[in-house]
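Here is what each chain is made of, one letter per residue.
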Amino acid sequence: MTQEVRQTETSGKVKAVSVADYIVERLAGEGISHCFGVAGDYLFPICDAVDSSAKLQWIGCANELNASYAADGYARIRGAAMLATTYGVGELSALNGVMGAKAERSLVFHVVGMPSYQHQRVRKITHHTLGDGVFGNFVDLSAGAACCHAVITPENCVVEMERVIAEARRRHRPAYIAVPSDYALSPVVPADVKPIVARSNEAALQKAMAVIAERINKAKSVVALPAFTVLRLGLQKEVQRAIEALGCPFATTLMEKCVIDESHPQFAGIYAGAASDPKTRQLVEGADLVLDLGGVNLNDITTAAYSAKLDPSRFIAVGLNDVRIGDDVIAGVLLADVLAELAKLKPSSAPYRGTPQSLAPVIGKPSDKITMAALYPRYAAFLRAGDTVVLETGSTSSGVTPMILPDGVRVEAQVLWGSIGWATPAAFGVALADPERRTVLITGEGSHQLTANEIGAMGRFDANVIVFVLNNSGYLIERALEENPNWTYNDLAPWNYAELPKALGCADWYTARVTTLGELDEAMKSARASKSGAYIEIIGGKMDMPPALAYAHGRLKAMYGETP
């Protein structure tokens with residue numbers, strides 16, 4: 001690493017690399033090409049380093065929360081992202097997004113510029129503080145949203161960056177990196193440290209595989225549940241090869257939608273407890289052995305209000321770094337290595353072959369008003385191979401995820417953390433992370449109102465997202481999750497959504513406001529043909545909800561408990 005902290009000028013003289021430059025270049029080495037953030041004076045050295053870098057581009061967002069959501073979306077595609085905010089006011093504004101990334105295992109390096117060490121040392125009263133001369137007030141808060149953290153100095157910079165990167169990679173969760181502004185401009189003290197590369201303990205791996213193979217051979221029926229972490233780690237091909245080698249059926253929860261193409265002959269459907277197709281439910285809940293590949297999250301949403309009937313004793317859970325079999329845990333085993341070993345196994349019987357499922361039929365006459373029964377099949381028909389669809393928390397996710405989607409479609413949704421407003425900036429991050437794919441955002445107006453200003457950044461940085469906004473007069477998800485849907489707090493300010501792109505600087509975007517199925521069909525054609533972004537406002541009914549959400553509406557006591 002010593003060479004990385006020295007640069008040669010054109011004159012031939014060697015100059016030291018600053019802490020800020022080192023942090024930026026080291027994170028660029030993790031496959032990151034963009035830095036999302038909002039500038040601030042304590043952050044200026046980091047901003048300057050990003051702006052001066054040939055490897056990273058500064059992506060200024062409308063606010064820090066949006067930047068954290070965008071970084072989350074970016075990390076889901078690239079495997080890691082960089083988020084930069086200023087001390088206190090900036091970092092705290094970003095914490096909801098960073099915590100969501102932690103919940104859903106999205107690796108975001110959150111870099112925060114602190115007041116100078118000189119001011120900290122003498123307890124100066126400075127802006128963005130509580131006025132008490134204490135500068136550690138926010139470190140614990142931001143560190144709590146991450147899996148590891150470091151306060152960087154010139155002396156520890158090289159060592160701490162390697163430690164933090166390695167730990168964040170191991171746990172695949174956010175890391176918090178704070179650096180005082182004067183230290184950021186100081187030269188790095190060289191250290192002979194090599195990047196830490198995670199590897200399985202070979203003996204532990206062989207032990208785990210022996211137990212797994214034995215359980216597979218003894219089981220009369222096996223089903224695989226590939227987890228959402230497979231997507232985060234980019235192991236889709238590896239998990240598919242493992243499942244094909246096993247020959248068993250696989251199912252996914254809402255968090256793993258399209259992790260493997262749904263036309264795959266071994267696909268057994270979406271598992272969501274009592275809301276599952278009966279055959280899918282029987283395959284999963286009746287299996288002698290359930291292979292949890294990556295750590296499936298069985299929460300209230302993925303189990304349809306805790307309606308799942310699963311026996312933990314039948315599970316083998318392969319985590320990111322260990323294998324759990326009942327109460328026994330075999331540590332030091334990487335998910336990628338287990339998948340590679342599973343792919344070497346030979347099936348004991350003919351591979352499972354499910355009944356191929358086709359796209360839902362598109363229904364309704366052109367003159368008909370838009371209903372959810374007609375809208376969601378149209379979304380499925382609109383999507384094509386090479387699209388990444390970003391689904392907002394709420395009625396959107398519950399409407400799209402049960403639909404069979406075309407091969408080659410990738411789905412991103414924040415099912416566990418469920419922060420409304422996430423999807424709009426996340427779609428921006430997704431679009432920048434992989435511009436070769438077309439990003440499609442499907443959201444409702446309630447969520448969209450929180451973060452709609454990031455549409456301006458989409459236009460500024462040529463992120464040509466296709467945006468669908470459902471305008472149904474309020475928070476449909478909230479109306480569905482309580483017995484009385486008509487409380488005034490579920491209402492919204494009536495926006496003219498289709499006019500937003502132009503107001504936010506996206507003058508060349510295609511925009512439309514549609515009220516009938518015919519208008520929607522024509523708008524979808526125009527959006528697909530658009531070479532820039534597209535934005536379609538869809539007018540729907542106030543209480544017209546997709547079936548999965550209607551099901552949840554009927555199980556409120558199961559979701560939230562009995563009223564005392």
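Here, the structure is the one placed above.
Cut-offs used in this document
Residues numbered from 1 in each chain as written. Predicted model: local features only at pLDDT ≥ 70, side-chain atom pairs only at ≥ 80, totals over all residues. Heavy atoms only, no water. Helix = DSSP H or I, 4+ residues; strand = E, 2+ residues; numbered from the N terminus. Buried < 20%, exposed > 50% of the residue type's maximum accessible area, 1.4 Å probe, protein only. Contact = heavy atoms within 4.5 Å. Expected span 1.5 Å × (residues − 1). Bend = angle between axes of the 7 residues up to and from the residue. Disulfide = S-S within 2.5 Å. Salt bridge = Lys/Arg side-chain N within 4 Å of Asp/Glu carboxyl O. Phe/Tyr/Trp six-rings, centres within 6.5 Å; stacked < 30°, edge-to-face > 60°. Lys NZ or Arg CZ within 6 Å of the ring centre and 35° of its normal. Pairing = 2+ DSSP bridges. Axes fitted to C-alpha atoms, helices over the stretch in contact; angles between N-to-C directions. Polar contact = N/O pair within 3.5 Å; in protein donor to acceptor, adjacent residues only side chain to side chain. Parallel < 35°, antiparallel > 145°, perpendicular 65-115°, else oblique. Left-handed = near helix turned anticlockwise from the far one by under 90°.

**Student:** I'm lost on the environment of Gly 90 in this one. Help?
**Tutor:** Structurally, the position occupied by Gly 90 is in helix α4 (residues 89–103). For Gly 90, a relative accessible area of 0% translates into the label buried. Sequence separation between Gly 90 and Leu 43 is 47 residues, and the spatial gap between their C-alpha atoms is 9.7 Å. Beyond its immediate stretch of four places on either side in the chain, Gly 90 contacts Glu 64 and Thr 85.

**Student:** How do you make sense of α4 when you look at a structure like this?
**Tutor:** Note on helix geometry: an α-helix contains 3.6 residues per turn, so any two residues three or four positions apart are oriented the same way. In a regular helix each residue adds 1.5 Å, so 15 residues correspond to 21 Å; α4 covers 23 Å between its end C-alpha atoms and thus fits that length. Along its length, α4 shows its largest kink, about 45°, at Leu 95. Taken together, the buried positions of α4 are occupied by Gly 90, Glu 91, Ala 94, Leu 95, Gly 97, Val 98, Gly 100, Ala 101 and Ala 103. The inward-facing, buried residues of α4 abut α3 (64–78), β5 (81–86), β6 (108–114), α6 (139–144) and β8 (175–180).

**Student:** Which parts of the structure should I look at to understand the state of the cysteines?
**Tutor:** Simply put, disulfide is the name for a covalent bond between the sulfur atoms of two cysteines. For the structure shown, the criterion picks out 0 disulfides. A disulfide-free cysteine, Cys 47 has its sulfur positioned 7.4 Å from the sulfur of Cys 35, the nearest such atom. Of the residues examined, Cys 47 reaches a relative accessible area of 11% and is grouped as buried. Looking at Cys 61, it has no disulfide partner, and the nearest cysteine sulfur is the one in Cys 35, 9.1 Å off. Taking relative accessible area as the criterion, Cys 61 reaches 11% and is therefore assigned buried.

**Student:** Mind showing me how you'd approach the pattern of salt bridges here?
**Tutor:** When charged atoms on two side chains of opposite charge get close, those side chains can pair. For the coordinates displayed, the defined rule picks out 23 salt bridges. Across the pair Glu 412 and Arg 232 runs a salt bridge, and its minimum N-O distance is 3.8 Å. You can see Glu 412 sitting in strand β17 (residues 410–413) and its partner Arg 232 sitting in helix α10 (residues 229–232), a full 180 residues away along the chain. Arg 232 carries the same exposure label as Glu 412, and that label is buried. A salt bridge links Asp 521 to Arg 378, with the shortest nitrogen-to-oxygen separation between them at 2.8 Å. Taken together, the positions of Asp 521 in helix α21 (residues 517–529) and Arg 378 in helix α14 (residues 372–382) put the pair 143 residues apart, joining distant regions of the chain. On the accessibility criterion, Asp 521 (27% relative accessible area) is partly exposed.

**Student:** Explain the packing of aromatic side chains here, please?
**Tutor:** Two numbers describe a pair of aromatic rings. These are the distance of the centres and the angle of the planes. Within the structure shown, the criterion is met by 12 aromatic pairs. Between the aromatic rings of Phe 36 and Tyr 74, the centroid separation amounts to 5.3 Å while the plane-to-plane angle is 70°, which identifies the pairing as edge-to-face. Here Phe 36 is found in strand β3 (residues 34–37), whereas its partner Tyr 74 is found in helix α3, with 38 residues between them in sequence. One exposure class covers both Phe 36 and Tyr 74, and it is buried. Their ring planes at 35° and their centres at 5.7 Å tell us that Trp 495 and Tyr 497 sit as a pair that is tilted. We note Arg 528 situated over the ring of Phe 382; from NZ or CZ to the ring centre the distance is 4.4 Å.

**Student:** Please clarify how the sheet that holds strand β7 (residues 148–151) should be interpreted in this entry.
**Tutor:** Two orientations exist for strands paired in a sheet by backbone hydrogen bonds: parallel and antiparallel. One open sheet accounts for 6 strands, arranged β4-β3-β5-β6-β8-β7; its pairing is parallel. Two strands in the sheet have a free side with no partner beyond their single neighbour: β4 (57–60) and β7. Strand-to-strand twist across the sheet, computed as the mean angle between neighbouring axes with direction ignored, equals 20°. Pairing of β6 with β8, which is carried by 6 bridges, proceeds in the parallel orientation. Across the sheet, the residue bridging to Phe 109 is Ala 175, located in β8. Against the sheet, helix α2 (residues 44–52) touches β3, β4, β5, β6 and β8, its axis set at about 125° to β4. Contacting β3 and β4, helix α16 (residues 423–433) crosses the sheet at an angle of about 165° to β3.

**Student:** Mind showing me how you'd approach the side chain of Arg 410 here?
**Tutor:** Residue placement: Arg 410 occurs in strand β17. Within the structure, the side chain of Arg 410 is placed 2.8 Å from the backbone oxygen of Arg 76, a separation counted as a polar contact. A polar atom in the side chain of Arg 410 sits 2.8 Å from the side chain of Glu 412. Excluding residues within four positions of it along the chain, Arg 410 makes contact with Arg 76, Ile 77, Leu 231, Gln 236, Asp 387, Thr 388, Val 389 and Arg 437.

**Student:** Is there a simple way to think about the packing of helix α1 (residues 19–28) against helix α7 (residues 157–171) in this case?
**Tutor:** Between two packed helices, the angle of one axis relative to the other and the distance separating the axes together describe the packing. Remark: α1 packs on α7, axes separated minimally by 11 Å, with the N-to-C direction vectors making an angle of 30°. Taken as axis vectors, α1 and α7 run roughly parallel relative to one another. Crossing geometry of α1 relative to α7 is assigned as right-handed. Together, Val 19, Tyr 22, Ile 23, Arg 26 and Leu 27 of α1 and Cys 157, Val 158, Met 161, Glu 162 and Ile 165 of α7 make up the contact between the two elements.

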